[in-house]
Amino acid sequence: MNKDCIFCRIIDQEIPSQVIAEDNNVLVIKDINPQAPIHYLIIPKKHVVDIGALTVQDTHLASSLLLMAQKLSTFPGCDQFKLHSNNGPAAGQVVFHIHIHFLAGW
Ligand code: 5GP
Ligand code: ZN
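The following paragraphs examine the structure supplied in this document. Numbering of residues starts from 1 in each chain and follows the order in which that chain's sequence is written. By the order in which they are written, chains take letters starting at A while ligands take numbers starting at 1. In keeping with the model being predicted, local features are shown solely for residues with a pLDDT of at least 70 and side-chain atom pairs are shown and tallied solely at 80 or more, while totals for entire chains, interfaces and linings include all residues. The basis for every side-chain value is the complete set of heavy atoms in the structure, and neither hydrogens nor water enter the calculation.

### Quick look at the overall build of the chain
Put simply, the rule is: Each helix is a run of DSSP H or I of at least 4 residues and each strand a run of E of at least 2, with the numbering of both proceeding from the N terminus. C-alpha atoms define the radius of gyration in this analysis, and the globule rule sets the expected value at 2.2 Å times the number of residues to the power 0.38. Per-residue accessibility, obtained with a 1.4 Å probe over protein chains only, is compared with the maximum for each type, and a residue is labelled buried under 20%, exposed over 50%, and partly exposed between these values. In this description, contact between two residues means that some pair of their heavy atoms is separated by no more than 4.5 Å. Residue-level accessible areas treat just the shown protein chains as cover; the underlying method is Shrake-Rupley with a 1.4 Å probe.
Check the secondary structure of the chain and you find 2 helices and 5 strands. If you list the helices and strands of the chain from N to C, you get α-β-β-β-α-β-β. Computed over C-alpha atoms, the radius of gyration of the chain comes to 13 Å, within 12% of the 13 Å expected from 2.2 N^0.38 for 106 residues, which places it in the range of a compact globule. For the chain, the C-alpha atoms occupy an extent of roughly 35 × 30 × 30 Å along the three principal directions. Here the chain, with 106 residues, has 39% of them falling under the buried criterion. The contacts of the chain with a sequence gap of at least 6 include a subset with a gap of at least 24, amounting to 53%. A total of about 6300 Å² of accessible surface is found on the chain, and carbon and sulfur atoms cover 55% of it.

Dropping the structure here:
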């Protein structure tokens, strides 16, 4: 938990969000500023700043993110989808807690 991190505060329910799915390791919320008809954020519950900061101890966590995308793909309108993750400010990362954008619903 990082008190300065907006996604940690969402995970701790200090900040409200629309939760789509959840498991032990991962929370999925609606993006507040959607870039597609369906735009979800797949977020690990552990604070890790970006993909470069993952370690071998995070192997299960990392696979949980992808398996959550697979679960979301079974939801109505989500069978065809895009995933993207911005890593670093130059790549457009604004929130420094790993998240995968799940875009679907065209
Ligand atoms: P990034 O540019 O870091 O990859 O993406 C951050 C994403 O988080 C953006 O798409 C932005 O709309 C979303 N976002 C930022 N703050 C909030 C928030 O408080 N709630 C939700 N649901 N999404 C947020
Ligand atoms: Zn965080």
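### Topic: the sheet that holds strand β3 (residues 38-44)
Condition: At least two bridges found by DSSP between two strands are what make those strands a pair. The convention used is that axes are lines fitted to C-alpha atoms, helices contributing only their stretch in contact, and that angles between N-to-C directions extend from 0 to 180 degrees.
Strand order in this open sheet of 5 strands is β1-β2-β3-β5-β4, and the pairing throughout is antiparallel. Taken across any chain shown, the strands that pair with only one partner, and hence form the sheet edges, are β1 (19-22) and β4 (81-84). Neighbouring strand axes in the sheet, compared pairwise and without regard to direction, differ in orientation by 20° on average. Across 3 bridges, β1 lies against strand β2 (residues 26-30) in antiparallel orientation. For A21, the partnering residue across the bridge sits in β2 and is V28. Sheet strands in contact with helix α2 (residues 59-72) are β1, β2, β3, β4 and β5 (100-104), and its direction is about 155° off that of β3.

### Overview of the layout of surface pockets
Rules: Of the grid points, spaced at 1 Å and generated over the protein atoms alone, those admitting a 1.4 Å probe that cannot get out make up cavities, while open sets with protein on both sides within 12 Å along at least five of seven lines make up pockets; any residue with an atom within 4 Å of a point is treated as lining. Grid points are joined across faces, edges and corners, and a volume is the space filled by probe spheres set on the points. Only Asp, Glu, Lys and Arg are considered charged, only Ala, Val, Leu, Ile, Met, Phe, Trp, Tyr, Cys and Pro nonpolar, and every remaining residue, Gly among them, polar.
Put simply, the largest pocket is a space of about 460 Å³. As for the largest pocket, its lining consists of 23 residues, of which F7, D31, I32, N33 and L41 are closest to the centre. Elements represented by at least two residues in the lining of the largest pocket include exactly α1 (6-11), β2 and β3. Element by element, the count of residues in the lining of the largest pocket is highest for α1, at 3 residues. A breakdown of the residues in the lining of the largest pocket according to their chemical character gives 10 nonpolar, 11 polar and 2 charged.

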